[in-house]
Amino acid sequence: QVQLVESGGRLVQAGGSLKLSCAASGFTFSNWHMSWFRQAPGKEREFVAAMSWSGNSTYSDSVKDRFDVSILARDNVHNTMYLKMNSLKPEDTAVYYCFLGPTWKTAFTGLGGSWGQGTQVTVSS
């Protein structure tokens, strides 16, 4: 059973930096794809960034050039995904969720995979 555990969210001032972590375990497919989503109060969950087992990565336009996603693959069933967030803005305030799926498409849609419980990021102005 896939388990995803996010950590690192906290209150930070605008312009500051923060690094989120997502520990993944229990997945059995080798061609995995992981992504970050976020959901602000009163808004729908939105895609933030994704990275594949092959090293491909992509970002939403709202975070491109400010956020950086990386993955440390410790073995075939344990990964840790990071999201380094720089130049944070109040509009980055949201619960950030980690997602793991079997295809690149699932990493964008958040369908057909597993979710973490989320970690709260609050950016004060």
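These lines cover the structure that appears in this document, whether it is placed above or below. (Residues numbered from 1 in each chain as written. Predicted model: local features only at pLDDT ≥ 70, side-chain atom pairs only at ≥ 80, totals over all residues. Heavy atoms only, no water.)

**Structural notes on the pairing of strand E1 (residues 3-7)**
Residues Leu4 and Glu6 of E1 are buried on one face, while the alternating residues Gln3, Val5 and Ser7, pointing to the opposite face, are not. Sheet topology note: the E1/strand E3 (residues 18-25) ladder contains five bridges and is antiparallel. If you follow glutamate 6 over to E3, its bridge partner there is cysteine 22. (Buried < 20%, exposed > 50% of the residue type's maximum accessible area, 1.4 Å probe, protein only. Helix = DSSP H or I, 4+ residues; strand = E, 2+ residues; numbered from the N terminus. Pairing = 2+ DSSP bridges.)

**Some remarks on the side chain of threonine 106**
Here threonine 106 is to be found in helix H1 (residues 104-109). Those residues within four positions of threonine 106 in sequence are excluded, and the remaining contacts are Phe99, Gly101 and Leu111. (Contact = heavy atoms within 4.5 Å.)

**Some thoughts on the environment of aspartate 92**
The topology assignment puts aspartate 92 in the loop between strand E8 (78-85) and strand E9 (94-101). Between the C-alpha atoms of aspartate 92 and valine 121, which are 29 residues apart in sequence, the distance is 7.6 Å. The contacts of aspartate 92, once residues within four sequence positions are left out, are Arg38, Arg66, Phe67, Ser87, Val121 and Val123. From its side chain, aspartate 92 meets the backbone nitrogen of lysine 89 in a polar contact 2.8 Å long. (Polar contact = N/O pair within 3.5 Å; in protein donor to acceptor, adjacent residues only side chain to side chain.)

**Section: the nonpolar core**
If you look at the biggest cluster of nonpolar residues, it comprises 28 residues, and the most contacted ones within it are Met34, Trp36, Leu83, Met85 and Tyr96. Those elements that provide at least two residues to this core are E3, strand E4 (33-39), strand E5 (46-52), strand E7 (67-75), E8, E9 and strand E11 (119-124). Beyond its immediate sequence surroundings of up to four residues, methionine 85 is in contact with Gly16, Ser17, Leu18, Leu20, Arg66, Phe67, Tyr96 and Val121. The next biggest cluster of nonpolar side chains, apart from the first, holds five residues, and it includes Phe37, Phe47, Ala50 and Ala107. (Core = buried A, V, L, I, M, F, W, Y, C linked by side-chain atoms within 4.5 Å.)

**With respect to the sheet that holds E7**
Within a sheet, each strand pairs with its neighbour through backbone hydrogen bonds, oriented either parallel or antiparallel. Pairing within the open sheet is antiparallel, and its four strands lie in the order E1-E3-E8-E7. The sheet terminates laterally at E1 and E7, the two strands that pair on one side only. Adjacent strand axes in the sheet meet at a mean angle of 15°, parallel and antiparallel pairs treated alike. Of the strand pairs in this sheet, E3 and E8 are connected by eight bridges, and their pairing is antiparallel. Note on E8: the bridge partner recorded for leucine 18 is methionine 85. (Axes fitted to C-alpha atoms, helices over the stretch in contact; angles between N-to-C directions.)

**A closer look at the packing of aromatic side chains**
For any pair of aromatic rings, the description rests on two quantities: the centre-to-centre distance and the angle between the ring planes. Applying the stated criterion across every chain yields a total of seven aromatic pairs. Centroid distance tyrosine 97 to tryptophan 115: 6.3 Å. Interplanar angle 90°. Geometry classified as edge-to-face. With tyrosine 97 in strand E9 and tryptophan 115 in strand E10 (residues 114-115), this residue pair connects regions lying 18 residues apart in the sequence. Since its relative accessible area comes to 32%, tryptophan 115 is described here as partly exposed. Between the aromatic rings of tryptophan 104 and phenylalanine 108, the centroid separation amounts to 5.2 Å while the plane-to-plane angle is 90°, which identifies the pairing as edge-to-face. Here tryptophan 104 and its partner phenylalanine 108 are both found in helix H1, four residues apart, which amounts to about one turn of the helix. With relative accessibility at 35%, the residue phenylalanine 108 sits in the partly exposed group. Members of the aromatic cluster, connected to one another through ring pairs, are Phe37, Phe47, Tyr97, Phe99, Trp104, Phe108 and Trp115. The aromatic ring of tyrosine 97 is capped on one face by arginine 45, whose charged end is 3.9 Å from the ring centroid. The ring of tryptophan 115 carries the charged tip of arginine 45 above its face, separated from the ring centre by 4.4 Å. (Phe/Tyr/Trp six-rings, centres within 6.5 Å; stacked < 30°, edge-to-face > 60°. Lys NZ or Arg CZ within 6 Å of the ring centre and 35° of its normal.)

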